[in-house]
Every structure is written in structure tokens, then in C-alpha cells.
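# Analysis of the macromolecular model
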Amino acid sequence: AFWEVLLAKIIILVFKIVQIFPRGRQATSLALSKIFSSSKSIKDSEHKYEYLTPNWLTFFRAKSLFIKEPETIEWLKQIPAGSVLWDVGANIGTYSIYAGKRGCKVFAIEPSFLNIELLQRNIILNKLNNTIALLPVGVGERTSLTSYFMSSPNLIWGGAHNSVDKNVGAGGLPLENPVEIKGFVFSMDDLSKFMNIEPPQYLKIDVDGLELEVLKGGVNVLKGVRSILIEVDHDSHEQSQGLMEILKGSNFVLSSPASNSSGPVNQIWIRK
């Protein structure tokens, strides 16, 4: 960490010195533009996926596309081309891009102001403008103008562990010293009904502890869903039990039982 901080300070010093000279600000602006436009390409046997990587976290998300959540990749592979997928908590579009390249019609839903720009730019970079629609809002139990709680340590491009409507983090515990801003939250039912958005046939939900609230606001939407991939935090008993009750009550069965008994894990549910 010492050497990383030292290198960062040297870069900042050089940046300030360059700006002293004529056209220095133009030069540093050009350099920053080049840095912020750096990208990482990931390939499989069928497609190439490109992601902008202006910082270490976005680079990690791109590089680990196939290894961070292999169950998510396998689930996405099973979705037939032409299907409608809602990616709730899309972040910078890591999995939305993957699904879009495979022929899905994707609604990428993401409220973080830091991730929204990169998400849209990644859509453009991959030429998926007519395949993926970005919805820059939060999703919760009910539609309202409310608060977004942004995790201070994760207030960077690619950051996660944010919350909408209420301050909730890992294990159901509140975030520590979050940045609170105002924003819109929609229920899934209202997004479909009032925004004239096609309801999902496949649903991916990863909202860092608020998955239960998302499901509560989507009772009608769930009726047309064939399969759901959802992150469940077993450290929050209320959340995990609530999710199970709603999904079983909506005629879903658990296809992939959790292999670990604590912490967050992805579960796949399919309609009976």
C-alpha cells in the first residue's frame, strides 16, 4: 500500500506541474481522456466483450467475467436468444453485455451515478445500443422519490454495496457513514405497468441486501418470469426466509441449493 500511495502522489505532482505550462491543462485533459477510455477485451468461443476500465475495480470486473460468478455465466447461457432479461443491479453492465451479445433483450437497471455513465458507454462500446436499454433508477418495494445510500469506501466506478430507500448493507446491518442523495425508486410492477417496459422472462437481481424488497414490489411481474438468479445473504435470516416464502408462493422451486451456509450466494429459481 505504501508504494501505491507514493506512486499516486508522484503522478498527482507531475499532473500539477504540467498544468503550469502553456496548454498544460489541455494536455492533462487529453491524457485523462485516454486513461478513462482504456478498456479490457474478454473473449470466449463465440463473442468478444469489451469493458471500459478507468480504475482497478472496473478492470477486475472485466477480467473476472468468467470466473467471479461462474454460475451466473452458466445461467445466462441457458437463456434463449430473443428473451427479455431484467438485470436489476447491473453495475457497469458486466453481465448485461454478456447477455446482450448472446441475443437477449436486456433492461439494465442501475441507480449509481458513478456506474450509469460506464454502463451506457459499455453498451455503446459493444454496439448493443438497440439491444440493451439502461434504466437509471433504483428498484424497491414501492415507487417513490427517496434516498440512495452510497457506501463511502465504494464511492468509485464499479462500486457496489449501495442501498436505496433504507440504509442496509451486508448481513442486514447499516452501511457505515454512507453518502445520502435523493433519487427515484420504482417497484418492478410499476416499471412494467406505467413505463411500458416489457416484463421479464428472466430476472437477475443483485442489489446487496435489498433483494427481498425488490421481490415484494414485483408480485405481478413474477407471474411471467421463467427463471430467477438472485443473490441471497444467509447472514440475514429475515431476508433469506422472506425470499423463500415469496418465490415458493409464486410457484418457483430452488434449482441450485446454496453450497455454503453463510454470507451472500447466488440462487437460481425456476418456475414449476
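Higher on the page you've got the structure.
Presented here is a report on the structure given in the accompanying data block. Source: prediction; values computed, not measured.

Reading the values: the criteria
- Residues numbered from 1 in each chain as written.
- Predicted model: local features only at pLDDT ≥ 70, side-chain atom pairs only at ≥ 80, totals over all residues.
- Heavy atoms only, no water.
- Buried < 20%, exposed > 50% of the residue type's maximum accessible area, 1.4 Å probe, protein only.
- Helix = DSSP H or I, 4+ residues; strand = E, 2+ residues; numbered from the N terminus.
- Salt bridge = Lys/Arg side-chain N within 4 Å of Asp/Glu carboxyl O.
- Pairing = 2+ DSSP bridges.
- Contact = heavy atoms within 4.5 Å.
- Core = buried A, V, L, I, M, F, W, Y, C linked by side-chain atoms within 4.5 Å.
- Axes fitted to C-alpha atoms, helices over the stretch in contact; angles between N-to-C directions.
- Phe/Tyr/Trp six-rings, centres within 6.5 Å; stacked < 30°, edge-to-face > 60°.
- Polar contact = N/O pair within 3.5 Å; in protein donor to acceptor, adjacent residues only side chain to side chain.

### Concerning helix α5 (residues 94–101)
Three or four residues apart is the spacing at which side chains of an α-helix point the same way, because the helix has 3.6 residues per turn. With respect to burial, α5 is a largely interior element, seven of its eight residues being buried. Of all the residues in α5, the buried ones are T94, Y95, S96, I97, Y98, A99 and G100. Backbone geometry just downstream of α5 places G103 in the positive-phi region, at approximately 100°.

### Things to note about the pattern of salt bridges
Applying the stated rule across the entire model yields eight salt bridges. E74 serves as the salt-bridge partner of K77, at 3.4 Å between the closest nitrogen and oxygen. Separated by three residues within a single helix, K77 and E74 lie in helix α4 (residues 70–77), roughly one turn from each other. In this structure, R121 engages E117 in a salt bridge whose closest nitrogen and oxygen atoms are separated by 3.3 Å. You can see R121 and its partner E117 sitting in helix α6 (residues 113–125), four residues apart, about one turn around the helix. Given a relative accessible area of 42%, E117 falls into the partly exposed group.

### Looking at the sheet that holds strand β6 (residues 138–139)
In any sheet, the strands associate via hydrogen bonds between backbone groups, in a parallel or an antiparallel arrangement. With mixed pairing, four strands are arranged side by side in an open sheet as β6-β9-β7-β8. Where the open sheet ends on each side, the last strands, each with one partner, are β6 and β8 (163–164). Relative to strand β9 (residues 179–186), β6 is paired through two bridges, and the arrangement is parallel. Within the sheet, the bridge partner assigned to V139 lies in β9 and is F186.

### Regarding the environment of L65
Tracing the chain through its elements places L65 in the loop between α3 (56–63) and α4. Counting along the chain gives 33 residues from L65 to Y98, while the straight-line C-alpha distance between them is 8.8 Å. Once residues within four sequence positions are removed from consideration, L65 is found in contact with I42, Y49, Y51, I73, T94, Y95 and Y98.

### With respect to the nonpolar core
Formed by 34 residues in total, the largest nonpolar core has its most connected members in W86, V88, I109, L203, I205, I228 and I230. Within the second largest apolar cluster, 27 residues are counted, among which are Y51, Y98, A108 and I116.

### Some details on the sheet that holds strand β11 (residues 227–233)
The seven strands lie next to each other as β5-β4-β3-β10-β11-β13-β12, forming an open sheet whose pairing is mixed. Each edge of the open sheet carries a strand with a single partner, namely β5 (132–135) and β12 (252–254). Ignoring strand direction, the axes of neighbouring strands in this sheet form an average angle of 20°. Both β12 and strand β13 (residues 264–271) contribute to a ladder of three bridges, which runs antiparallel. For V253, the partnering residue across the bridge sits in β13 and is I270. Packed on one face of the sheet, α5 meets β3 (84–88), β4 (105–109), β5 and β10 (202–205) and runs near 170° to β4.

### Considerations on the environment of S41
Position of S41 among the secondary structure elements: in strand β1 (residues 39–43). According to the relative accessible area criterion, S41 is partly exposed, its value standing at 34%. Placed 22 residues apart in sequence, S41 and K63 show a C-alpha to C-alpha distance of 8.2 Å. Once you skip the residues sitting within four places of it in the chain, S41 turns out to touch K48, Y49 and E50.

### Section: the packing of aromatic side chains
With the rule as written, the count across this model stands at six aromatic pairs. Here F36 and W157 contribute two aromatic rings whose centre-to-centre distance is 5.1 Å and whose plane-to-plane angle is 70°, an arrangement assigned as edge-to-face. Pair noted here: F36 is in helix α2 (residues 24–36) and W157 is in the loop between β7 (144–150) and β8, with a separation of 121 residues, a long-range link. Taking the relative accessible area as the measure of exposure, F36 reaches 31% and is therefore partly exposed.

### A word on the side chain of N91
Positionally, N91 belongs in the loop between β3 and α5. At 3.2 Å, the side chain of N91 and the backbone oxygen of G159 are in polar contact. Excluding its chain neighbours within four sequence positions, the residues that come into contact with N91 are R61, E110, N115, L119, G158, G159 and A160.

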